[in-house]
Amino acid sequence: MPKPKIGLYWCASCGGCEEAVVDLAEDILGVVEAVDIVFWPCAMDFKKAEVEGMADESIVATLVNGAIRTSEQEEMARLMRRKSKYLIAYGSCAHMGGIPGLANQFGREQILKYYYEEGPTVVNEGKTRPQLKHVEEGRELSLPQLRNVVRSLDQVVEVDYYIPGCPPTPKITKAAVGALLDGRLPAKGSVLAPDIALCDQCARKASKPTDVSFSAFSRPHQKLLDPGVCFLAQGVVCMGPATRGGCEAVCPEGNMPCSGCFGGTSRVRDQGAKILSSLCANVGPKEEEEIDQVLAGIPDPVGTFYRYGLARSILRRRVDLGE
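Report follows, based on the coordinates. (Residues numbered from 1 in each chain as written. Predicted model: local features only at pLDDT ≥ 70, side-chain atom pairs only at ≥ 80, totals over all residues. Heavy atoms only, no water.)

If you tally the helices and strands in the protein, you get 11 helices and 9 strands. The C-alpha radius of gyration computed for the protein amounts to 22 Å, which stays within 12% of the reference 20 Å derived for 323 residues, consistent with globular compactness. Projected onto its principal axes, the C-alpha positions of the protein cover 65 × 55 × 30 Å. Out of the 323 residues belonging to the protein, those deemed buried represent 46%. Considering only residue pairs separated by 6 or more positions, the protein has 74% of its internal contacts joining residues 24 or more positions apart. Accessible area for the protein stands at about 17,000 Å²; split by element, carbon and sulfur atoms hold 53% of it. Here the protein holds 37 positive side-chain charges and 41 negative ones, and the gap between their average locations is 4 Å. (Helix = DSSP H or I, 4+ residues; strand = E, 2+ residues; numbered from the N terminus. Rg over C-alpha atoms; globule rule 2.2 N^0.38 Å. Buried < 20%, exposed > 50% of the residue type's maximum accessible area, 1.4 Å probe, protein only. Contact = heavy atoms within 4.5 Å. Areas by Shrake-Rupley, 256 points an atom, 1.4 Å probe, with all protein chains shown as cover. Lys, Arg positive; Asp, Glu negative; His and termini not counted. Charge placed at Lys NZ, Arg CZ, Asp CG, Glu CD.)

Omega for the bond connecting Cys-166 with Pro-167 falls within 30 degrees of zero, at -5°, which places this linkage in the cis form. Within the element layout of this structure, Pro-167 appears in the loop between β9 (161-163) and α7 (170-182). Of note in the backbone geometry, Lys-127 takes a positive phi value of approximately 50° without being a glycine. Tracing the sequence through the fold places Lys-127 in the loop between α6 (108-118) and β6 (133-136). Non-glycine residue Ala-249 carries a positive phi angle of around 50°. In this fold, Ala-249 is placed in the loop between α7 and α8 (250-253). Residue classification places Ala-249 among the buried residues on the basis of a relative accessible area of 1%.

The biggest cluster of nonpolar side chains holds 73 residues, and the ones touching the most others in it are Met-80, Leu-153, Ile-163, Leu-279 and Phe-305. Excluding anything up to four places from it in sequence, Leu-279 contacts Phe-214, Phe-217, Leu-232, Val-237 and Phe-305. In terms of nonpolar packing, the next biggest core, distinct from the first, is built from 6 residues, Ala-12, Ala-67, Ile-111 and Val-150 among them. (Core = buried A, V, L, I, M, F, W, Y, C linked by side-chain atoms within 4.5 Å.)

With that settled, consider the pairing of strand β1 (residues 5-10). As paired elements, β1 and strand β2 (residues 36-39) share 3 bridges and run parallel to each other. Following the sheet pairing, Ile-6 is matched in β2 by Ile-37. Judged from the 5 bridges that link them, β1 and strand β3 (residues 59-65) form a sheet pairing that is parallel. Paired with Trp-10 across the bridge in β3 is Asn-65. (Pairing = 2+ DSSP bridges.)

Before going further, it helps to examine the environment of Arg-108. Locating Arg-108 in the fold gives a position in helix α6. With relative accessibility at 29%, the residue Arg-108 sits in the partly exposed group. Each C-alpha atom, one on Arg-108 and one on Cys-42, is 27 Å from the other, the two residues being 66 residues apart in sequence. Excluding anything up to four places from it in sequence, Arg-108 contacts Arg-69, Gln-145, Leu-146, Arg-147 and Asn-148.

A word on the packing of aromatic side chains. Under the defined criterion, the tally for this structure stands at 5 aromatic pairs. One aromatic cluster in this structure is built from Tyr-9, Phe-39 and Phe-46. (Phe/Tyr/Trp six-rings, centres within 6.5 Å; stacked < 30°, edge-to-face > 60°.)

Once that is clear, we can look at the state of the cysteines. Taken as a whole and assessed by the stated rule, the structure comprises 0 disulfides. Free of any disulfide, Cys-238 has its nearest cysteine sulfur in Cys-258, 5.2 Å distant. Residue class for Cys-238 comes out buried when judged on its relative accessible area of 10%. (Disulfide = S-S within 2.5 Å.)

A full pass over the atoms with the stated rule returns 21 salt bridges. Its salt-bridge partner being Glu-74, residue Arg-147 comes within 3.2 Å of it at the nearest N-O pair. Separated by 73 residues along the polypeptide, Arg-147 in strand β8 (residues 146-151) and Glu-74 in helix α4 (residues 71-83) bring together distant segments of the chain. For Arg-147, a relative accessible area of 22% puts it in the partly exposed group. For Glu-74, a relative accessible area of 13% gives the class buried. (Salt bridge = Lys/Arg side-chain N within 4 Å of Asp/Glu carboxyl O.)

Note: β6 against strand β7 (residues 139-142), 4 bridges, orientation antiparallel. If you follow Val-135 over to β7, its bridge partner there is Glu-140.

Moving on, we get to the side chain of Thr-173. By the element assignment, Thr-173 lies in helix α7. When residues no more than four places from it in sequence are discounted, the contact partners of Thr-173 are Leu-24, Tyr-90 and Pro-168.

Time to look at the sheet that holds β1. An order of β2-β1-β3-β5-β9 is seen for the 5 strands of this open sheet, with the pairing classed as parallel. Edge positions in the open sheet fall to β2 and β9, since each of these has one partner strand only. Put simply, the sheet's adjacent strands are angled 30° from each other on average, direction ignored. Looking at chain direction, β3 and strand β5 (residues 84-90) are connected through 5 bridges and run parallel. From the neighbouring strand, Val-64 faces β5, where its bridge partner is Ala-89. The sheet strands contacting α4 are β1, β2, β3 and β5, and the helix crosses β5 at an angle near 135°. (Axes fitted to C-alpha atoms, helices over the stretch in contact; angles between N-to-C directions.)

In structure tokens form, the structure reads like this:
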């Protein structure tokens, strides 16, 4: 009996999700034994034409990591959707837009001008930029087009399941692949991780304040953090109350606050808005000037509250950016 066919593809991301697959360690041998990997260009020499020649839905599942920023990524997302029975958004960038989605605060021209002309380390007197097409010695070369906004995978194609994390942990990845191979998949559209808040799995849970009044916020590098006390109790922003569990609280275990990479639970409509409303409701001072002083301790609100989820949030993008 033929093995089920599996694909993996990398869009706009850092590559950590590819490493996460390798981080299965010896467990990856069991996966390779159980499936036939027919497309994984990051690891092996597969060609797009080979996928195009496959029958539609002949690939049982494709794990796509990374957000969608370019025309090529959009094209590949549509191709893998057509060829796959199940398309899985693997990791924060495919799931919610991820850190690349923070670029939705800026226009495309603003981004290109900074990185190719105005950046502090840029030496480009001719203000040369990459061109979509270039002809040299009769040969035409082309580059993908940079879209106006960053999108999550499900803003481009239909997604069947989500595996969260930046990157997903080996435990989450192994459980998801096991559920796929064993036919134990939940309802379509599910996030393949526990639907509980991270705080429920955090070793600092007992010290989480039930009645807190913030007089100041500090960033993690600005104070010596107590490894046994809730970050919020120490005046440090932690996304744990607004974030889905399942990561085994690896950041708090390393004495760093949760940054929100697993996204919200099914009961959270907007992860950033949830934690923002909670923190602001508990700011101690009541006078505007004093409130501003407290909130000055969070110098990058978008990067703090929407680090991974801006592209898929209610805000989504700067209002004057087109698709």
